Amino acid sequence: MRAIISVVGRDTVGILARVSQACAECNANIVDVTQSVLQEMFAMVMLVDITDISVDFPALSQKLNDLGEEIGMVIHVMHEDIFNSMHRI
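Residues numbered from 1 in each chain as written. Predicted model: local features only at pLDDT ≥ 70, side-chain atom pairs only at ≥ 80, totals over all residues. Heavy atoms only, no water.

Colleague: Please provide a residue-by-residue account of the overall build of the chain, values included.
Modeller: From N to C terminus, the chain includes three helices and four strands. Listing the helices and strands of the chain from first to last along the sequence gives β-α-β-β-α-β-α. Relative to the compact-globule value of 12 Å for 89 residues, the chain shows a C-alpha radius of gyration of 13 Å, a close match. Along the three orthogonal principal directions, the C-alpha set of the chain runs to about 35 × 35 × 20 Å. Taken across its 89 residues, the chain has 31% of its residues classed as buried. For the chain, contacts bridging at least 24 residues in sequence account for 66% of all contacts bridging at least 6. (Helix = DSSP H or I, 4+ residues; strand = E, 2+ residues; numbered from the N terminus. Rg over C-alpha atoms; globule rule 2.2 N^0.38 Å. Buried < 20%, exposed > 50% of the residue type's maximum accessible area, 1.4 Å probe, protein only. Contact = heavy atoms within 4.5 Å.)

Quick look at the structure:
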């Protein structure tokens, strides 16, 4: 099972490190990541393997949401099944 994590907000030092740390604390393995800085805005999308997470999916989502509020970013976590359903033609 995998999840998509999106992170958007004003660029600052340590965003990738903080989000990666939160994933590691829940045993979520980052499979792929892409990020861009457009002027002062930071955007990142991560593909994360959640097969062996140490918390349930809602707890992981809440942890990252709370982190987003703490660092002034919007962090959204979506299960891959939902993502695929939304983007199926």
